Amino acid sequence: MDLEHKRAFGASVILTCVIICGNVPHPVGAYQYNNRYAGDQVFRITLTNDTEVQALKKILGLIKVDFWQPNSASLIHRNATVDVHVKRNDTQHLHARLKLERIKYRTLISDLQKEIEKQTGYRSSRKRRSESPYDYEVYHSLEEIQNWMFEMNRSRPELVTMLSLGKSYEGRPLYVLQLGKRSRPPKKSMWIDCGVHAREWIGPAFCQWFVKEALSSYKYDSVMTRLLNHLDFFIMPVFNVDGYRFSWNTDRFWRKTRSKNHKFHCRGVDANRNWKVKWCDEGASSHPCDDTYCGPFPESEPEVKAVAKFLRKHKKHMKAYISIHAYAQMLLYPYSYKYATIPNFNCVESAAQNAVTALYSAYGVRYRYGPAATTLYVSSGSSIDWAYRNGIPYAFAFELRDTGHFGFLLPESLIKPTCIETLKAVKAIASGLLKKCNTDNNRFSYI
């Protein structure tokens, strides 16, 4: 750890103690989130033509909805599937209007509150609170994750170094775990972040799973041993610490950061639209109340700025960037902001294909893969485009399970299979970094 990070880390330890001691989430009561989602529904709307698109946009313009997929009304197009969370007072109106317009739809979730209670019910609440052993098959609060990071750092000093990259908008430390066998000179590196969007809880669960598996299988699993011997992994389990905590305590479906806007009462910026690459263009909003708000300027969010600074500093050795999101079951790579082919397309496409094949081998779950703009939708200011633009040759965004049945409320019973299959994909990408890609014949060879 360099001097700069040691100082930041030392100062953050004290702050973390204050945060952890003072902000333990309240126990789950009769209803989580004060029963605020009772009667809310999630609709899946299927559009077949432009007339239906215009009609739907008009309908949704009259009521306040929470877009799940896609994350903005501007991204609705024909032959698209639209998932929206609708407040209980508006559900009957939407049912009636969709029937009137003869737009095909179905109710994915009939009572959102009940689905939330199912996802993290009383059983898992009790399990989660038990300190030992740490349960990787339940969702954990920010405080529990940060305590766990300290424990990983304390118990495995030969493979783990804990770094602090700075502080969030609300003053919480931005912790990263560096995994790998100590060596000089520096090794090739891979960055993995989770929890960029607060409501995507499966992300932080995967980052923890990855660390657990890496450390427990070192010297037992030949592939992981080789990876940790030859690579450094920088793992950020919760990128958007303020938003993640808010999604636990106040609004389960919060997406953005928690920064304040001086002109509007709305808070937060989309941390995946705030990067300095084609900033605030197509697929991002300039309005602070929108879920895809790009921020007042690039890297306005301290979380984005801290990670960008770290990646710039280490870009000489950083060969892969991975960001874990949900939901859609996709593996995406640049570009996000335009319909164009990246220069090293053959190598990246081959790595993606190997990853989804490895993922499929676990449980037969199929992932689509391809450039983000064509596979998902166009978005500007994204982290994978920024990473690629700044010299990291392999930049990927995973959209984990599922395809909408549970959406952001993936049950804890599916944490294990989701993490097992995703680990296979990440290991495949990491293994590719230890080989040289021949762009002519699109094949890897060991170096």
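Residues numbered from 1 in each chain as written. Predicted model: local features only at pLDDT ≥ 70, side-chain atom pairs only at ≥ 80, totals over all residues. Heavy atoms only, no water.

This next bit is on the UniProt feature "active site" (unreviewed entry) in the protein chain. As annotated by UniProt and renumbered to match this structure, "active site" (unreviewed entry) occupies Glu-399. Sequence-distant contacts of Glu-399, that is, excluding residues within four places in its chain, are made with His-325, Ala-326, Tyr-327, Ala-328, Gln-329, Met-330, Leu-332, Tyr-367 and Leu-376. (UniProt positions renumbered as here; feature names shortened; annotations may be inferred. Contact = heavy atoms within 4.5 Å.)

The next subject is the packing of helix H8 (residues 222-230) against helix H14 (residues 415-433). Between H8 and H14, whose axes approach to 11 Å, the crossing angle comes to 50 degrees. Here H14 runs oblique to H8, going by the angle between their axes. For the element pair H8 and H14, the recorded crossing hand is left-handed. Touching Val-223, Met-224 and Leu-227 of H8 are Leu-423, Lys-427, Ala-430 and Ser-431, all from H14. Considered class by class, the residues forming the contact of H8 with H14 number five nonpolar, one polar and one charged. (Axes fitted to C-alpha atoms, helices over the stretch in contact; angles between N-to-C directions. Helix = DSSP H or I, 4+ residues; strand = E, 2+ residues; numbered from the N terminus. Parallel < 35°, antiparallel > 145°, perpendicular 65-115°, else oblique. Left-handed = near helix turned anticlockwise from the far one by under 90°. Nonpolar A, V, L, I, M, F, W, Y, C, P; charged D, E, K, R; others polar.)

Moving on, we come to the sheet that holds strand S1 (residues 41-46). Reading across the sheet, the four strands line up as S2-S3-S1-S4 and stay open at both edges, with antiparallel pairing between neighbours. Where the open sheet ends on each side, the last strands, each with one partner, are strand S2 (65-69) and strand S4 (104-109). Across the sheet, the axes of successive neighbouring strands diverge by a mean angle of 30 degrees, strand direction being ignored. Pairing of S2 with strand S3 (residues 81-86) involves four bridges; the strand directions are antiparallel. Bridge pairing in S3 places Val-65 opposite Val-86. Along the sheet, helix H3 (residues 88-100) makes contact with S1, S3 and S4, crossing S1 at roughly 20 degrees. (Pairing = 2+ DSSP bridges.)

Linking two cysteines covalently via their sulfur atoms produces the bond known as a disulfide. Taken as a whole and judged by the stated rule, the model has four disulfides. Covalent S-S linkage joins Cys-266 and Cys-289, the inter-sulfur distance amounting to 1.9 Å. The chirality of the disulfide connecting Cys-266 with Cys-289 is right-handed, given an S-S dihedral of about 85 degrees. Of this pair, Cys-266 sits in the loop between helix H9 (241-249) and helix H10 (302-313) while Cys-289 is found in the loop between H9 and H10, placing the two residues 23 residues apart along the sequence. For Cys-289, a relative accessible area of 29% corresponds to the partly exposed category. In this model, Cys-280 is linked to Cys-294 through a disulfide, with the two sulfur atoms separated by 2.0 Å. Its S-S torsion of approximately -60 degrees makes the covalent link between Cys-280 and Cys-294 left-handed. Residue Cys-280 is found in the loop between H9 and H10, and its partner Cys-294 is found in the loop between H9 and H10; the two are separated by 14 residues along the sequence. Sequential numbering of the bridged cysteines in the protein chain gives the disulfide pattern 1-2, 3-5, 4-6, 7-8. Between Cys-419, a free cysteine, and Cys-194, which holds the nearest cysteine sulfur, the sulfur-to-sulfur gap is 8.8 Å. Note on Cys-419: relative accessible area 0%, which makes it buried. (Disulfide = S-S within 2.5 Å. Buried < 20%, exposed > 50% of the residue type's maximum accessible area, 1.4 Å probe, protein only.)

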